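Below, each chain spelled out in residue letters.
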Amino acid sequence: QKEVEQDPGPLSVPEGAIVSLNCTYSNSAFQYFMWYRQYSRKGPELLMYTYSSGNKEDGRFTAQVDKSSKYISLFIRDSQPSDSATYLCAMSDLYNFNKFYFGSGTKLNVKP
Amino acid sequence: IAGITQAPTSQILAAGRRMTLRCTQDMRHNAMYWYRQDLGLGLRLIHYSNTAGTTGKGEVPDGYSVSRANTDDFPLTLASAVPSQTSVYFCASSDSGGVVNEQFFGPGTRLTVL
């Protein structure tokens, strides 16, 4: 079983839709949770991070962590065509915080 | 230079050949990483270095070697390339002394081994 599972999609939504992206994980030691966005033929870039459980909001993006269910989510409100990219979740534990475990990524297409 | 640069951008290589992928960062980050990205498998860590002079093995180190002679450079060498090493390779760096261990990624090297 992989440490981090993520539905690869692709996910296709109309402009303005609310998007929900999710990952599940198996290691209860994970404390840092991150979402990276990767445009086609580019390197990933950090979008949001959270520590431990709870929600974090940044503009149209909300990251949510449910440690009891080992489940994290990224919500995108009012999605835009410029949000079309692959979204990767990543996580690490407190003592090996340099070692990231990535999901395989979900490809999102927002249609104008 | 701004951020992380990788060279070459892409390469086609015959099996059995030796190849070094270059990575340079100008952010004075102490930690650097090499990942490979394959469809359906996501990013997998090959090797990492927490500081100049030290290296460690990641999830898929076989067939690869690295060195970290200074802070800025972290080359990845394939001693004898095989077709299964066809992939997109990303170098990343982070300041592990920061509050958030954000990893900054380079633009990637697309490698095809025939």
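Located above this text is the structure these notes cover.
The rules behind these values
Residues numbered from 1 in each chain as written. Chains lettered and ligands numbered in written order. Predicted model: local features only at pLDDT ≥ 70, side-chain atom pairs only at ≥ 80, totals over all residues. Heavy atoms only, no water. Salt bridge = Lys/Arg side-chain N within 4 Å of Asp/Glu carboxyl O. Helix = DSSP H or I, 4+ residues; strand = E, 2+ residues; numbered from the N terminus. Buried < 20%, exposed > 50% of the residue type's maximum accessible area, 1.4 Å probe, protein only. Phe/Tyr/Trp six-rings, centres within 6.5 Å; stacked < 30°, edge-to-face > 60°.

Novice: I tried to follow the pattern of salt bridges on my own but got confused; where do I start?
Specialist: Summed over the entire model, instances satisfying the criterion amount to six salt bridges over all chains. Note that Arg37 of chain A is salt-bridged to Glu45 of chain A, the shortest N-O span being 3.4 Å. A salt bridge links Glu57 of chain A to Arg77 of chain A, with the nearest nitrogen and oxygen atoms 3.4 Å apart. Remark: Arg77 of chain A occurs in the loop between strand 8 (71–76) and strand 9 (85–93) and Glu57 of chain A occurs in strand 6 (residues 54–58); sequence separation between them is 20 residues. The class for Glu57 of chain A is exposed, based on a relative accessible area of 59%. Beyond isolated ion pairs, a larger network of salt bridges with shared partners links Arg36, Asp38 and Arg44 of chain B.

Novice: Please clarify how the packing of aromatic side chains should be interpreted in this entry.
Specialist: For any pair of aromatic rings, the description consists of the separation of the ring centres together with the inter-plane angle of the planes. Residues and elements named next belong to chain B. Tallying each qualifying case throughout the model produces 13 aromatic pairs over all chains. Plain terms: the ring middles of Phe90 and Phe105 are 6.5 Å apart, the flat faces sit at 80° to each other, and that makes the pair edge-to-face. Of this pair, Phe90 sits in strand 9 (residues 87–94) while Phe105 sits in strand 10 (residues 104–105), and the two are 15 residues apart along the sequence. By relative accessible area, which is 2% here, Phe90 ends up buried.

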